[in-house]
Amino acid sequence: MKELRLMKGNEAISEAAIRAGCDGYFGYPITPQSEIMEYLMLEKPEERTGMIVLQAESELASINMVYGGAACGKRVMTSSSSPGISLMQEGISYMAGAELPSLVVNVVRGGPGLGTIQPSQSDYFQATKGGGHGDYHIITLAPSSVQEMADFVGLAFDLAFKYRNPAMILSDGAIGQMMEKVEFDEHRPRFTNEEIRKNTPWATTGKTPDRERNIITSLDLDPARQELHNIKLQAKYRKIEQNEVRFEKIVCDDAEYVFVAYGTSARICQKAIQLAREKGIKVGLFRPITLYPFPKNEINELSKKVKGMLSVEMSAGQMIEDVLLAAERNIKIEHFGKMGGIIPSPAEVVEALEQKIIGG
Amino acid sequence: MEENIKKDNIRKEENLVYIKTKLMTDKVLSYCPGCGHGTTHRIIMEVVDEMGIQSETIGIAPVGCAVLAYEFMNIDMQEAAHGRAPAMATAMKRLMPEKFIFSYQGDGDLAAIGTAETIHACNRGENITIIFVNNGIYGMTGGQMAPTTLPGMKSSTSPYGRDVATMGNPLKITELIAQLPGTYFVTRQAVHTPANVRKTKKAIRKAFENQKLKKGLSFVEVVSNCNSGWKMAPVQSNEWMVENMFPFYPLGDIKIEGELVK
Ligand SMILES: Cc1ncc(C[n+]2csc(CCOP(=O)(O)OP(=O)(O)O)c2C)c(N)n1
Ligand code: SF4
């Protein structure tokens, strides 16, 4: 049975994690996402499902707790906001190298540095291009509602296990803090020891006589073998790019122009569409749901049908690089965004469309 | 007399002094001849074998000379990021409380880059075993100064000797974590003589038994040599260790059953 609740985006992540059969959460407080651990601590998931929750001494510790747990075949996660996610990059890279499934939630705030605690989308590059060292990608999901905050937890875990790869929910302070109605699925059970042995035979659960020892490592000092490992990783990323693209199109059928936007910016663009259409401007919204893999082909198709695209982001313009790579180049493509933790208003977005794309 | 030295007479049960440790793989150790890492590996595997817990034991290799420990120990293992093994061990034990979890770490790994993870895992009293090989130097990266490098001791990054005024004093992390209520058993041992090997093995056994009894954190420091990093022959390095390391890092139990040894 579904259950309807009114809650913050951050809390929805926590409740969804308990219901997704998550085995462990490890985190360190940082605004604007501290509610995730606070909710979990209050909710006592250990009594509900056996899920453990631990406040770590740092994000370095959290991500390596996730590494250790993931290596045992467990569904484990952490959450943080931008500065904390920067600290985690070494660990995420290790997990990508060792091919471990895990979930990292980034409720983004404005940077660089300590920046601001206000919402931002300036961690797009870090999330989608492999924010740490080495050639790797993590699957990146961008929710634009509290409902999606909840829904993407289970989805992220499923994708992470399907591809043995870390997954990230890239949200922002606005969606983390806003309250909306959210419908929850029923609990799905945590993996049993039997299931772990069967579904993740690589997991370090203790060497039994019936198998060779399991080793979780990203190290291979032999360049030829390390290259082979990298080739295998790249093949996996191509498969992810082929199979896992997700997006939403809103009133694109008759559109002469489109906004390309995700997360909070996509919500602003929905409002901007109304304003623009009242003025007679036929504009639609293309909303990437997976930022990695990026919906390249769909953007390309769309770019053949419209006169211009405006990439609306709360950053100096990061996703626009992917839009430019994907789209046909004979149309006008520009970026509009606010930095420093400011959410643009729908009117500003329409104005940018008129000035940069239609009039430009 | 002739009869006595025949092979069959020698190969008798009562004459057996050494056999290959069952849970060590056939891989040739990557350690320099004379290095204490190999011996320490062996006694951990002996303990695991003797306790019959191979299928329940998961180890964590550090970043350091022992980075490839998983090549040599025939158990499930994970390879940590530099210094983070105690964080990994924390999660592993909490997610699988019925398993035996140990980390194996060098002094740079445990007492420099991983100091926070070490102290907090100890302070939380995680029910794990930490094996800490203290050779007073960064072996793997070519003999740089470690947090445990002795005052005046030369290394590639303290070529004129460790100047405590500018480089700080060596960190006695073992004494430090012994102060924390979360640690249950803290000891400092060595593996340079058969007698010491036996003592260290006993300590490691106790540390694993403590996990079984859910007593909290056990911490076994092994003061060891790094003949390559110290630029000495193996025997000479052990002598140097006895003369210089032991006075600063005295061997013996520091905390037993949660009580500091007076
Ligand atoms: C983040 C990071 N920083 C630095 C290094 C380089 N590094 C590898 S091993 C090591 C020191 C190891 O020394 P120690 O822990 O004392 O172990 P030993 O080699 O002496 O056994 C360093 C600095 C690394 N691998 N990762
Ligand atoms: S460099 Fe030092 S610590 Fe490393 S294997 Fe050689 S002797 Fe041992």
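Values in this document were obtained by computation on a predicted structure and should not be read as measured data. (Residues numbered from 1 in each chain as written. Chains lettered and ligands numbered in written order. Predicted model: local features only at pLDDT ≥ 70, side-chain atom pairs only at ≥ 80, totals over all residues. Heavy atoms only, no water.)

**Q** Can you explain the sheet that holds strand β6 (residues 139-141) of chain A? Please cite residues and give values.
**A** Overall, mixed pairing links the 7 strands, which are arranged β3-β2-β4-β5-β7-β6-β13 (chain A) in an open sheet. Unpaired on one side and paired on the other, β3 (52-55) and β13 (290-292) of chain A mark the two borders of the sheet. In this sheet, neighbouring strand axes are inclined to one another by 20 degrees on average, regardless of whether the strands run parallel or antiparallel. Note that strand β5 (residues 102-108) of chain A and strand β7 (residues 166-172) of chain A share 7 bridges and pair parallel. Looking at the pairing, V108 of chain A lines up with D172 of chain A of β7 of chain A. In the packing of helix α4 (residues 85-95) of chain B onto the sheet, the strands contacted are β2 (24-27), β3 and β4 (76-80) of chain A, and the crossing angle to β3 of chain A comes to about 155 degrees. (Pairing = 2+ DSSP bridges. Helix = DSSP H or I, 4+ residues; strand = E, 2+ residues; numbered from the N terminus. Axes fitted to C-alpha atoms, helices over the stretch in contact; angles between N-to-C directions. Contact = heavy atoms within 4.5 Å.)

**Q** Pulling in residues and values, what's your account of the site of ligand 1?
**A** Residue and element names in this part refer to chain B. Taken together, 17 residues lie around ligand 1, and H37, C65, D107, D109 and G139 are the ones closest in. Between ligand 1 and the protein, one listed contact pairs an oxygen atom with a backbone N or O atom of G108 at 2.9 Å. N135 has a polar side-chain atom sitting 3.1 Å from an oxygen atom of ligand 1. Here ligand 1 has 590 Å² of accessible area as a free molecule, and 77% of this is covered by the chains. Elements with a minimum of two residues in the shell around ligand 1: α5 (107-113) and β5 (137-138). (Near = heavy atom within 4 Å. Polar contact = N/O pair within 3.5 Å; in protein donor to acceptor, adjacent residues only side chain to side chain. Areas by Shrake-Rupley, 256 points an atom, 1.4 Å probe, with all protein chains shown as cover.)

**Q** For the pattern of salt bridges, give the residues involved together with the corresponding values.
**A** Here the structure, examined in full by the defined rule, presents 40 salt bridges over all chains. The closest approach of N and O atoms between K232 of chain A and E99 of chain A, which form a salt bridge, is 3.0 Å. Taken as a pair, K232 of chain A in helix α10 (residues 223-243) and E99 of chain A in the loop between α5 (82-98) and β5 lie far apart in primary sequence, 133 residues in all. In this structure E99 of chain A comes out as buried when scored by relative accessible area, which is 8%. Between E50 of chain B and K201 of chain B there is a salt bridge; the shortest N-O distance is 2.7 Å. One end of the pair, E50 of chain B, is in helix α2 (residues 36-51); the other, K201 of chain B, is in helix α9 (residues 194-212), and 151 residues separate them in sequence. Among the ionic contacts, a cluster of salt bridges with common partners joins E3, R5, E15, R19, E43 and R48 of chain A. (Salt bridge = Lys/Arg side-chain N within 4 Å of Asp/Glu carboxyl O. Buried < 20%, exposed > 50% of the residue type's maximum accessible area, 1.4 Å probe, protein only.)

**Q** Kindly report on the site of ligand 2, identifying the contributing residues and their values.
**A** Contacts to ligand 2 come from Y31, C32, C35, H37, C65, N135, G139, C226, N227 and S228 of chain B. Of the residues that constitute the shell around ligand 2, the class distribution is 5 nonpolar, 5 polar and no charged. (Nonpolar A, V, L, I, M, F, W, Y, C, P; charged D, E, K, R; others polar.)

**Q** Please provide a residue-by-residue account of the state of the cysteines, values included.
**A** Residue and element names in this part refer to chain A. The final tally for this structure, using the stated rule, is 0 disulfides over all chains. C22 takes part in no disulfide bond, and the closest cysteine sulfur, belonging to C72, lies 14 Å away. A relative accessible area of 0% means that C22 is categorised as buried. (Disulfide = S-S within 2.5 Å.)

**Q** Talk me through the nonpolar core; I want residue IDs and the actual numbers.
**A** Counting residues in each nonpolar core, the largest one holds 124 residues, and the members touching the most others are F26, M77, L100, V153, I299 and M309 of chain A together with F219 of chain B. Taken domain by domain, this core gets at least three of its residues from each of domain 1 (3-243) and domain 2 (248-358) of chain A. When near neighbours in sequence (up to four residues on either side) are disregarded, M309 of chain A contacts V258, V260, I299, L302, S303, V323, A327, I331, K332, I333, E334 and I357 of chain A. Of all hydrophobic cores here, the second largest spans 36 residues; its members include I44, Y70, F100 and V133 of chain B. (Core = buried A, V, L, I, M, F, W, Y, C linked by side-chain atoms within 4.5 Å. Domains from an automatic or database assignment.)

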